[in-house]
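Residue-level structural notes
Residue-level listing of the chains:
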Amino acid sequence: MSDDDNGTPGTPAGSAGPRPEPLRFFGTTWVNHDNGYTARRISVAAGSLAAAAVSCFVLRFAYQGLQIAGSGAFVELLVVVMFAVCSALAFRHAWDGFGKRPDPDRQASLRGLLAVGFIGSLLAYFFRSLVEAPGEKLHRQEYEQAREQYERRATRRSGNPSRKRRRS
(Lines give C-alpha, C1' and ligand atoms only; values in the text may rest on other atoms or scores of the structure.)
Protein backbone atom coordinates (compact mmCIF):
# COMPACT_ATOMS: atom_id res chain seq x y z
CA MET A 1 0.00 0.00 0.00
CA SER A 2 2.96 2.33 0.46
CA ASP A 3 4.61 3.89 -2.54
CA ASP A 4 7.18 6.03 -0.73
CA ASP A 5 10.09 5.23 1.52
CA ASN A 6 8.46 7.23 4.30
CA GLY A 7 5.36 5.06 4.54
CA THR A 8 2.84 7.58 3.22
CA PRO A 9 0.08 5.56 1.57
CA GLY A 10 -0.12 5.82 -2.18
CA THR A 11 -2.64 8.06 -3.87
CA PRO A 12 -5.58 6.20 -5.38
CA ALA A 13 -6.81 7.35 -8.80
CA GLY A 14 -9.07 10.39 -8.58
CA SER A 15 -8.15 11.42 -5.04
CA ALA A 16 -6.97 14.83 -3.94
CA GLY A 17 -3.44 13.89 -2.95
CA PRO A 18 -1.71 11.66 -0.44
CA ARG A 19 -3.60 10.33 2.55
CA PRO A 20 -2.20 10.60 6.09
CA GLU A 21 -0.91 7.45 7.72
CA PRO A 22 -3.04 6.44 10.74
CA LEU A 23 -1.45 6.33 14.19
CA ARG A 24 -2.20 3.66 16.79
CA PHE A 25 -5.13 4.76 19.02
CA PHE A 26 -5.55 7.98 17.00
CA GLY A 27 -6.28 6.96 13.43
CA THR A 28 -6.00 10.08 11.29
CA THR A 29 -7.40 12.46 13.93
CA TRP A 30 -3.88 13.81 14.43
CA VAL A 31 -4.05 15.71 11.12
CA ASN A 32 -6.69 18.25 12.18
CA HIS A 33 -6.88 17.41 15.91
CA ASP A 34 -10.57 16.56 15.55
CA ASN A 35 -12.97 13.73 16.48
CA GLY A 36 -11.90 13.43 20.10
CA TYR A 37 -8.16 13.89 19.59
CA THR A 38 -7.68 15.55 22.99
CA ALA A 39 -9.72 12.89 24.80
CA ARG A 40 -7.71 10.19 23.07
CA ARG A 41 -4.43 11.80 24.13
CA ILE A 42 -5.63 11.98 27.73
CA SER A 43 -6.79 8.35 27.60
CA VAL A 44 -3.53 7.15 26.06
CA ALA A 45 -1.49 9.04 28.66
CA ALA A 46 -3.54 7.65 31.53
CA GLY A 47 -3.53 4.14 30.08
CA SER A 48 0.22 4.01 29.52
CA LEU A 49 0.91 5.38 33.00
CA ALA A 50 -1.48 2.86 34.54
CA ALA A 51 0.13 0.03 32.56
CA ALA A 52 3.58 1.15 33.76
CA ALA A 53 2.36 1.26 37.38
CA VAL A 54 0.83 -2.22 37.15
CA SER A 55 4.02 -3.50 35.52
CA CYS A 56 6.12 -2.13 38.38
CA PHE A 57 3.77 -3.83 40.81
CA VAL A 58 4.19 -7.17 39.01
CA LEU A 59 7.99 -6.74 38.97
CA ARG A 60 7.88 -6.11 42.70
CA PHE A 61 6.19 -9.49 43.16
CA ALA A 62 8.91 -11.10 41.07
CA TYR A 63 11.57 -9.43 43.20
CA GLN A 64 9.87 -10.63 46.38
CA GLY A 65 9.85 -14.12 44.89
CA LEU A 66 13.62 -13.89 44.50
CA GLN A 67 13.93 -12.81 48.13
CA ILE A 68 11.73 -15.65 49.33
CA ALA A 69 13.75 -18.12 47.25
CA GLY A 70 16.88 -16.92 48.99
CA SER A 71 18.86 -16.55 45.79
CA GLY A 72 21.29 -14.12 47.36
CA ALA A 73 21.98 -10.41 47.30
CA PHE A 74 24.11 -10.58 44.15
CA VAL A 75 21.31 -12.12 42.05
CA GLU A 76 18.78 -9.65 43.43
CA LEU A 77 21.06 -6.73 42.60
CA LEU A 78 21.73 -8.14 39.15
CA VAL A 79 18.00 -8.39 38.41
CA VAL A 80 17.34 -4.83 39.59
CA VAL A 81 20.23 -3.43 37.53
CA MET A 82 19.15 -5.45 34.48
CA PHE A 83 15.60 -4.07 34.57
CA ALA A 84 16.84 -0.53 35.23
CA VAL A 85 19.33 -0.55 32.35
CA CYS A 86 16.94 -2.27 29.93
CA SER A 87 14.15 0.17 30.84
CA ALA A 88 16.44 3.15 30.30
CA LEU A 89 17.55 1.81 26.92
CA ALA A 90 13.95 1.00 25.92
CA PHE A 91 12.87 4.52 26.94
CA ARG A 92 15.56 6.09 24.78
CA HIS A 93 14.82 3.80 21.84
CA ALA A 94 11.07 4.49 22.02
CA TRP A 95 11.64 8.24 22.41
CA ASP A 96 13.94 8.32 19.37
CA GLY A 97 11.41 6.26 17.43
CA PHE A 98 8.87 9.07 17.75
CA GLY A 99 11.15 11.38 15.75
CA LYS A 100 12.51 9.12 13.03
CA ARG A 101 11.73 5.77 11.49
CA PRO A 102 13.61 2.99 13.28
CA ASP A 103 15.94 0.71 11.35
CA PRO A 104 14.17 -2.68 11.00
CA ASP A 105 17.40 -4.67 11.45
CA ARG A 106 18.32 -2.79 14.61
CA GLN A 107 14.75 -3.14 15.85
CA ALA A 108 14.91 -6.90 15.38
CA SER A 109 18.25 -7.18 17.17
CA LEU A 110 16.97 -5.16 20.15
CA ARG A 111 13.68 -7.04 20.47
CA GLY A 112 14.74 -8.97 23.60
CA LEU A 113 16.17 -5.93 25.33
CA LEU A 114 13.05 -3.91 24.55
CA ALA A 115 10.85 -6.69 25.90
CA VAL A 116 12.73 -6.69 29.21
CA GLY A 117 12.63 -2.88 29.39
CA PHE A 118 8.95 -2.59 28.57
CA ILE A 119 8.39 -0.17 31.47
CA GLY A 120 10.71 2.34 29.81
CA SER A 121 8.73 2.10 26.58
CA LEU A 122 5.47 2.66 28.45
CA LEU A 123 6.90 5.70 30.21
CA ALA A 124 8.19 7.14 26.93
CA TYR A 125 4.72 6.69 25.46
CA PHE A 126 3.21 8.44 28.50
CA PHE A 127 5.53 11.44 28.37
CA ARG A 128 5.18 11.85 24.61
CA SER A 129 1.38 11.69 24.80
CA LEU A 130 1.45 14.67 27.18
CA VAL A 131 2.82 16.79 24.30
CA GLU A 132 1.34 15.18 21.18
CA ALA A 133 0.16 11.87 19.82
CA PRO A 134 3.24 9.60 19.93
CA GLY A 135 4.74 9.70 16.46
CA GLU A 136 2.66 12.67 15.31
CA LYS A 137 5.61 14.94 14.60
CA LEU A 138 7.27 12.35 12.34
CA HIS A 139 4.04 11.53 10.53
CA ARG A 140 3.19 15.21 10.11
CA GLN A 141 6.61 15.93 8.54
CA GLU A 142 6.23 12.99 6.16
CA TYR A 143 2.65 13.94 5.29
CA GLU A 144 3.55 17.59 4.62
CA GLN A 145 6.48 16.49 2.45
CA ALA A 146 4.23 14.13 0.48
CA ARG A 147 1.64 16.92 0.03
CA GLU A 148 4.35 19.29 -1.23
CA GLN A 149 5.59 16.71 -3.72
CA TYR A 150 2.03 16.05 -4.86
CA GLU A 151 1.36 19.77 -5.32
CA ARG A 152 4.56 20.21 -7.35
CA ARG A 153 3.71 17.25 -9.57
CA ALA A 154 0.10 18.42 -10.03
CA THR A 155 1.08 21.95 -11.04
CA ARG A 156 3.74 20.73 -13.48
CA ARG A 157 1.30 18.43 -15.23
CA SER A 158 -1.47 20.93 -15.83
CA GLY A 159 -2.77 21.20 -19.37
CA ASN A 160 -3.04 18.83 -22.29
CA PRO A 161 0.42 17.84 -23.60
CA SER A 162 -0.88 17.24 -27.14
CA ARG A 163 -1.86 20.91 -27.42
CA LYS A 164 1.60 22.04 -26.36
CA ARG A 165 3.13 24.44 -28.85
CA ARG A 166 6.35 23.37 -30.42
CA ARG A 167 9.24 25.76 -30.19
CA SER A 168 10.90 26.48 -33.49
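Before reading further, recall that the structure is shown in the block above.
Described in the following lines is the structure provided in the data block. (Residues numbered from 1 in each chain as written. Predicted model: local features only at pLDDT ≥ 70, side-chain atom pairs only at ≥ 80, totals over all residues. Heavy atoms only, no water.)

Brief notes about the side chain of E132
Secondary-structure assignment places E132 in the loop between helix 5 (118-131) and helix 6 (136-156). A polar side-chain atom of E132 sits 3.4 Å from the main-chain amide nitrogen of K137. Those residues in contact with E132 that sit more than four places away from it in its chain are Y37, R41 and K137. (Helix = DSSP H or I, 4+ residues; strand = E, 2+ residues; numbered from the N terminus. Polar contact = N/O pair within 3.5 Å; in protein donor to acceptor, adjacent residues only side chain to side chain. Contact = heavy atoms within 4.5 Å.)

Some words on the pattern of salt bridges
Enumeration according to the criterion identifies five salt bridges in this entry. The partner of E21 in a salt bridge is R101, and the shortest N-O contact between them spans 2.8 Å. One end of the pair, E21, is in the segment before helix 1 (37-69); the other, R101, is in the loop between helix 2 (73-97) and helix 3 (104-109), and 80 residues separate them in sequence. Take R101: its relative accessible area is 37%, and that puts it in the partly exposed class. A salt bridge links D96 to R92, with the shortest nitrogen-to-oxygen separation between them at 3.2 Å. Of this pair, D96 and R92 both sit in helix 2, four residues apart, which is roughly one turn of the helix. Note on R92: relative accessible area 52%, which makes it exposed. What you see here is one network of salt bridges that share partners, running through E21, R101 and E142. (Salt bridge = Lys/Arg side-chain N within 4 Å of Asp/Glu carboxyl O. Buried < 20%, exposed > 50% of the residue type's maximum accessible area, 1.4 Å probe, protein only.)

Some thoughts on a nonpolar patch on the surface
Taken together, the side chains of L77, V81, V85 and L89 present a nonpolar region at the surface, about 340 Å² in accessible area. Topologically, L89 is positioned in helix 2. (Patch = residues over 30% accessible without salt bridge, like charges linked within 9 Å, V, L, I, M, F, W, Y side chains within 5 Å. Areas by Shrake-Rupley, 256 points an atom, 1.4 Å probe, with all protein chains shown as cover.)

What to know about the packing of aromatic side chains
Taken as a whole, this structure holds nine aromatic pairs when the rule is applied. With 5.8 Å between their ring centres and 50 degrees between their planes, F26 and Y37 make a pair best called tilted. One end of the pair, F26, is in the segment before helix 1; the other, Y37, is in helix 1, with 11 residues separating them in the sequence. When sorted by exposure, F26 lands in the same class as Y37, which is buried. In this structure an aromatic cluster arises from ring pairing among F25, F91, W95, F98, Y125, F126 and F127. (Phe/Tyr/Trp six-rings, centres within 6.5 Å; stacked < 30°, edge-to-face > 60°.)

Structural notes on the side chain of H139
Topologically, H139 is positioned in helix 6. A polar contact is formed between the side chain of H139 and the backbone oxygen of G135, at a distance of 2.7 Å. Apart from residues lying up to four places away in sequence, H139 is in contact with E21, L23, W30 and R101.

Some points on the environment of L49
Along the chain, L49 turns up in helix 1. When its relative accessible area of 39% is taken as the criterion, L49 is described as partly exposed. Measuring from C-alpha to C-alpha, the distance between L49 and I119 comes to 9.4 Å, with 70 residues separating the pair along the chain. For L49, the contacting residues outside a window of four places in its chain are L123 and F126.

What about the environment of A50?
Considering the arrangement of structural elements, one finds A50 in helix 1. Remark: the alpha-carbon pair of A50 and L122, spanning 72 residues in sequence, is separated by 9.2 Å.

A few points about the environment of A51
Along the chain, A51 falls in helix 1. Each C-alpha atom of the pair A51 and L123 lies 9.1 Å from the other, and the pair is 72 residues apart in sequence.

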